[in-house]
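Next come the chains, spelled out residue by residue.
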Amino acid sequence: DNASQRVDDDAGNGELRDRRLLESVQVTDVINDAVRDAKAAAARGEFESAMIVLRPLAEADNRDAQYELGFLALTACDLVSGREAFSLFMKAAEQGHAEAMYQLATFPEFLSEPFKSPLSHDDAWQWLLRAAAAGSVRAQYSAGASLATGDWGDGGVPQQLEAAVAWYRRAA
């Protein structure tokens, strides 16, 4: 009858949903392993190997791969430009990657190429606060230090000792 058919259909849909969830978790594990392996290769100075793994994942919008590929530009790797690194950090940050947010806020000027962060002083400060709120300990410490001293980038921020202490506590 119709009632038992619905129960069978619901059971089948539940099994299908469970199988899809398991496959999704397995794919995520494989991607995370690949990013971790690429990070280890980069730490050994095997930048080409790292890029072979990271680039397609970054292009597929994997925020961890975008961050790691961008981070290569901040190391001895000259295969990623500052402009590309900034773009990769922005993509990862827009997907909620806390360390990418921190890198946007503190992005260095590249002497090897004519590129520096296009962010305004205020935008960089906002990225730092977003990174801190998202859990970046480095950003929490930097926000605390900046609010304690009033020093941030070229322009500074208003000194706020209570807020500084709050960020220091979160960073601890």
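In case you missed it, the structure is sitting above this.
Residues numbered from 1 in each chain as written. Predicted model: local features only at pLDDT ≥ 70, side-chain atom pairs only at ≥ 80, totals over all residues. Heavy atoms only, no water.

A. Region of interest: the overall build of the chain. Along the backbone of the chain there are eight helices and zero strands. Its helices and strands in sequence order give the chain the pattern α-α-α-α-α-α-α-α, from N to C terminus. Evaluated residue by residue, the chain yields a buried proportion of 38% over its 172 residues. Of the contacts formed within the chain by residues at least 6 apart in sequence, a portion of 52% connects residues at least 24 apart. Accessible surface, the chain: about 10,300 Å² in total, of which carbon and sulfur atoms supply 52%. (Helix = DSSP H or I, 4+ residues; strand = E, 2+ residues; numbered from the N terminus. Buried < 20%, exposed > 50% of the residue type's maximum accessible area, 1.4 Å probe, protein only. Contact = heavy atoms within 4.5 Å. Areas by Shrake-Rupley, 256 points an atom, 1.4 Å probe, with all protein chains shown as cover.)

B. Fine view of the nonpolar core. Ranked by internal contacts, the top residues of the largest apolar core, which has 47 residues, are Leu 54, Leu 69, Leu 72, Leu 104, Trp 127 and Leu 128. Those elements giving two or more residues to this core turn out to be helix H1 (2-43), helix H2 (47-59), helix H3 (63-72), helix H4 (82-94), helix H5 (98-105), helix H6 (121-133), helix H7 (137-149) and helix H8 (161-171). Examining the composition of this core, we find that seven residues originate from one element, H4, more than from any other. Apart from the residues within four sequence positions on either side, Leu 128 is in contact with Tyr 102, Ala 105, Ala 139, Ser 142, Ala 143 and Trp 152. (Core = buried A, V, L, I, M, F, W, Y, C linked by side-chain atoms within 4.5 Å.)

C. Molecular detail of the environment of His 97. The residue His 97 is located in the loop between H4 and H5 in this model. When the C-alpha atoms of His 97 and Tyr 67 are compared, they prove to be 7.9 Å apart, with 30 residues separating the residues in sequence. Leaving out residues up to four positions away in the same chain, His 97 has contacts with Arg 63, Asp 64, Tyr 67 and Ala 92.

D. Region of the structure containing the layout of surface pockets. For the largest pocket, the calculated volume is near 340 Å³. In terms of lining residues, the largest pocket is bounded by 15 residues, among which Phe 107, Ser 117, Leu 119, Ala 124 and Asp 154 are the most central. A class-by-class count of the residues in the lining of the largest pocket yields seven nonpolar, five polar and three charged. (1 Å grid on protein atoms, 1.4 Å probe; cavity = no way out; pocket = protein on both sides within 12 Å on 5 of 7 lines; lining within 4 Å. Points joined across faces, edges and corners; volume = space filled by probe spheres on them. Nonpolar A, V, L, I, M, F, W, Y, C, P; charged D, E, K, R; others polar.)

E. Region of the structure containing the packing of aromatic side chains. The final tally for this structure, using the stated rule, is nine aromatic pairs. Site record: aromatic cluster; members linked through ring pairs are Tyr 67, Phe 71, Phe 86, Phe 89, Phe 107, Phe 110 and Phe 115. If you follow Arg 130 out to its NZ or CZ, it ends over the ring of Trp 127, 4.2 Å from the centre. (Phe/Tyr/Trp six-rings, centres within 6.5 Å; stacked < 30°, edge-to-face > 60°. Lys NZ or Arg CZ within 6 Å of the ring centre and 35° of its normal.)

F. Broad picture of the pattern of salt bridges. Taken as a whole, this structure holds five salt bridges when the rule is applied. In this structure, Glu 84 and Arg 55 form a salt bridge, with 2.5 Å as the shortest nitrogen-oxygen distance. Here Glu 84, found in helix H4, pairs with Arg 55, found in helix H2; they are 29 residues apart in sequence, far enough to count as distant. Residue Glu 84 is classed as partly exposed on the basis of its relative accessible area of 24%. (Salt bridge = Lys/Arg side-chain N within 4 Å of Asp/Glu carboxyl O.)

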